[in-house]
Amino acid sequence: MTHISQWHTVDRFLACILMSLEVTKLLVMRPYTRPPMYLLYLANCAAAVMCFLQSQKAQGVMDTEGFVFWHCGWHCYPIVQVVVYCVEHFVNGRWGEYYAFGGEIEVGMGQC
């Protein structure tokens, strides 16, 4: 926490860029994702940002245990996102793909 290195700068820079790309992905995928699944994606992203902010707050007051806890939560985001993606894949395989164009739900070719 108190050791400053160039890797911290690189890590912070890449984290900002990659999180911006992740938010852009979430915005673009909205019309193609079932609303409950989309809410899971958004809640997971919001939880990751909250963990990041809490880790920054803990770092500011030199709370090592709090920093480690919240920073680990921040790094769990991709793992939880993979679980949400697998659930979405299962749902799509079970009930067909979801495309909300014009308020209609189109089913996959296997169900025609």
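This write-up is about the structure you can find in this document. Numbering of residues starts from 1 in every chain and runs along the sequence as written. Confidence filtering applies because this is a predicted model: local features only for residues at pLDDT of at least 70, side-chain atom pairs given and counted only at 80 or more, and all residues used for totals across whole chains, interfaces and linings. The basis for every side-chain value is the complete set of non-hydrogen atoms in the structure, without hydrogens or water.

Of the regular secondary structure elements, the protein holds 4 helices and 0 strands. Reading the protein from its N end, one meets helices and strands in the order α-α-α-α. Relative accessible area decides the class of each residue, using a 1.4 Å probe on protein chains only: under 20% of the type maximum gives buried, over 50% gives exposed, and in between gives partly exposed. Looking at the 112 residues of the protein, the share that counts as buried comes to 24%. Put simply, 57% of the contacts in the protein that link residues at least 6 apart link residues at least 24 apart. Calculation of accessible area relied on Shrake-Rupley with a 1.4 Å probe; when residues are assessed, cover is drawn exclusively from the protein chains displayed. When the accessible surface of the protein is summed, it comes to about 8,100 Å², and 70% of that surface belongs to carbon and sulfur atoms. Where helices and strands are cited, they refer to DSSP runs of H or I of at least four residues and of E of at least two residues respectively, numbered from the N terminus. Contact between two residues is taken to exist if any of their heavy atoms lie within 4.5 Å; hydrogens are not considered.

Another point: the nonpolar core. Among buried residues, the Ala, Val, Leu, Ile, Met, Phe, Trp, Tyr and Cys ones that are joined through side-chain atoms within 4.5 Å form a nonpolar core. In terms of nonpolar packing, the biggest core is built from 12 residues, these being Met-19, Leu-26, Met-29, Met-37, Tyr-38, Tyr-41, Cys-45, Ala-48, Cys-51, Trp-74, Tyr-77 and Val-84. If you list the elements that add at least two residues to this core, you get helix 1 (6-29), helix 2 (35-60) and helix 4 (77-95). In terms of residue count, the dominant contributor to this core is helix 2 (6 residues). Ignoring sequence-local partners within four residues, the contact set of Tyr-41 consists of Leu-26, Met-29, Thr-33, Gln-81, Val-84, Tyr-85 and Glu-88.

The next subject is the pattern of salt bridges. Any carboxyl oxygen of Asp or Glu that lies within 4 Å of a side-chain nitrogen of Lys or Arg is treated as forming a salt bridge with it. Going through the model one piece at a time under the given rule, you end up with 1 salt bridge. Across the salt bridge formed by Glu-22 and Lys-25, the nearest N and O atoms sit 3.2 Å from each other. With a gap of 3 residues between them, Glu-22 and Lys-25 both fall in helix 1, about one helical turn apart.

This part is about the packing of aromatic side chains. Each aromatic ring pair is summarised here by two numbers: the centre-to-centre distance and the angle between the ring planes. Each aromatic pair joins two rings of Phe, Tyr and Trp (for Trp, the six-membered one) with centres within 6.5 Å, and gets the label stacked for planes under 30 degrees apart, edge-to-face for over 60, and tilted for any other angle. All chains considered together, the criterion is met by 2 aromatic pairs. Ring centres of Phe-52 and Trp-74 lie 4.9 Å apart, and the angle between their planes is 45°; this geometry places the pair in the tilted category. With Phe-52 in helix 2 and Trp-74 in helix 3 (residues 64-75), this pair connects stretches of sequence that are 22 residues apart. Among the residues examined, Phe-52 registers a relative accessible area of 22% and is labelled partly exposed. Pairing Phe-69 with Trp-70 gives two aromatic rings, centres 5.0 Å apart and planes at 80°, and the pair type is edge-to-face. Note on criteria: charge over ring means Lys NZ or Arg CZ within 6 Å of the ring centre, with the direction from the centre no more than 35 degrees off the ring normal. Taking NZ or CZ as reference, Arg-30 lies 5.3 Å from the ring centre of Tyr-38, over its face.

Moving on: the packing of helix 2 against helix 3. Working convention: axes come from line fits to C-alpha atoms, limited for helices to the stretch in contact. Angles between N-to-C directions cover 0 to 180 degrees. At a minimum axis separation of 8 Å, helix 2 and helix 3 run at an interaxial angle of 160°. By the criterion of interaxial angle, the relationship of helix 2 to helix 3 is roughly antiparallel. The way helix 2 lies across helix 3 gives a crossing that is left-handed. Listed contacts from helix 3 to Ala-48, Met-50, Cys-51, Phe-52, Gln-54, Ser-55, Ala-58 and Gln-59 of helix 2 are Gly-66, Phe-67, Trp-70, His-71, Gly-73 and Trp-74. Three classes are used: nonpolar for Ala, Val, Leu, Ile, Met, Phe, Trp, Tyr, Cys and Pro, charged for Asp, Glu, Lys and Arg, and polar for all others, with Gly counted as polar. Residue composition of the contact of helix 2 with helix 3, grouped by class: 8 nonpolar, 6 polar and no charged. Any angle that falls under 35 degrees is termed roughly parallel, while one over 145 is termed roughly antiparallel, one within 65 to 115 roughly perpendicular, and all others oblique. By definition, turning the near helix anticlockwise from the far helix through less than a right angle yields a left-handed crossing, and turning it clockwise yields a right-handed one.

To continue, consider the side chain of Asn-92. Position of Asn-92 relative to the elements: it lies in helix 4. When its relative accessible area of 15% is taken as the criterion, Asn-92 is described as buried. Other than its neighbours up to four places away in sequence, Asn-92 contacts Arg-34, Glu-97 and Tyr-98.

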